[in-house]
Amino acid sequence: MSDSTPPTGEPTPEPTPEPTQASVPSANEAVATLKGADKLDLGLIGAGLLAFLGSLLPYYTMSYDLGAFGGETSVSASAWHGFFGWFAVLCAVAAAGILAAHLLGLAMPFPVRLVVLALFGVALLCTVL
């Protein structure tokens with residue numbers, strides 16, 4: 001028996017293939033793919049980004065007058081100060097990310113458009129609440 005053959009019963013390890021230049025998309029290919037995408041899809045991705053930026057602004061404002069003890073006082077908070085605010089933002093950002101990944105060619109094990117619709121719907125419901 002020679003040293004080059006493995007003993008019986010043990011599987012031979014297969015070498016892992018190195019990624020080739022053709023399998024890794026470049027930034028130019030990603031930009032070209034997004035430029036060729038439907039305008040409504042790009043609008044949904046923009047809506048997710050806009051929801052994130054809007055969450056950083058003052059979301060809730062409360063003003064009250066203390067009279068002679070302190071004058072008028074105002075307090076504000078962003079969407080990140082309550083569960084429904086930050087949960088809505090994360091749902092919208094997740095929906096935009098899933099749609100962007102789908103447009104760039106990433107295979108998903110679920111119906112992408114239905115999941116994006118559901119996540120934006122949950123975000124809208126949480127924002128209204």
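Up top is the structure these notes are about.
Below you will find a few notes about this structure. (Residues numbered from 1 in each chain as written. Predicted model: local features only at pLDDT ≥ 70, side-chain atom pairs only at ≥ 80, totals over all residues. Heavy atoms only, no water.)

1. Some remarks on the packing of aromatic side chains
Logical step 1: Within this structure, the stated rule accounts for 5 aromatic pairs.
Logical step 2: Here phenylalanine 83 and phenylalanine 84 contribute two aromatic rings whose centre-to-centre distance is 5.4 Å and whose plane-to-plane angle is 70 degrees, an arrangement assigned as edge-to-face.
Logical step 3: Accessibility expressed as a relative area gives 37% for phenylalanine 84, which makes it partly exposed.
Logical step 4: Residues tryptophan 86 and phenylalanine 87 carry aromatic rings whose centres are separated by 6.3 Å and whose planes lie at 80 degrees to one another, so their mutual orientation is edge-to-face.
Logical step 5: Every member of this aromatic cluster is reached through a ring pair, and the members are Phe83, Phe84, Trp86 and Phe87. (Phe/Tyr/Trp six-rings, centres within 6.5 Å; stacked < 30°, edge-to-face > 60°. Buried < 20%, exposed > 50% of the residue type's maximum accessible area, 1.4 Å probe, protein only.)

2. As for the packing of helix α2 (residues 39-55) against helix α3 (residues 83-103)
Logical step 1: Their axes nearest at 8 Å, the elements α2 and α3 cross at an angle of 150 degrees. In this view, α2 runs roughly antiparallel relative to α3, as classed from their interaxial angle. Judged by the sense of rotation from one axis to the other, the crossing of α2 with α3 is left-handed. Judged by residue contacts, Asp41, Leu44, Ile45, Gly48, Ala51, Phe52 and Ser55 of α2 engage Val89, Ala92, Val93, Ala96, Leu99, Ala100 and Leu103 from α3.
Logical step 2: For the contact of α2 with α3, the residue count by class is 11 nonpolar, 2 polar and 1 charged. (Axes fitted to C-alpha atoms, helices over the stretch in contact; angles between N-to-C directions. Helix = DSSP H or I, 4+ residues; strand = E, 2+ residues; numbered from the N terminus. Parallel < 35°, antiparallel > 145°, perpendicular 65-115°, else oblique. Left-handed = near helix turned anticlockwise from the far one by under 90°. Contact = heavy atoms within 4.5 Å. Nonpolar A, V, L, I, M, F, W, Y, C, P; charged D, E, K, R; others polar.)

3. Considerations on the nonpolar core
Logical step 1: Grouped together as the largest cluster of nonpolar side chains are 14 residues, with contacts concentrated most on Leu99, Leu103, Val116, Phe120 and Ala123.
Logical step 2: It is α3 that provides the largest number of residues to this core, a total of 7 residues.
Logical step 3: Discounting chain neighbours no more than four positions away, the residues touching valine 116 are Leu44, Ala95, Ile98 and Leu99. (Core = buried A, V, L, I, M, F, W, Y, C linked by side-chain atoms within 4.5 Å.)

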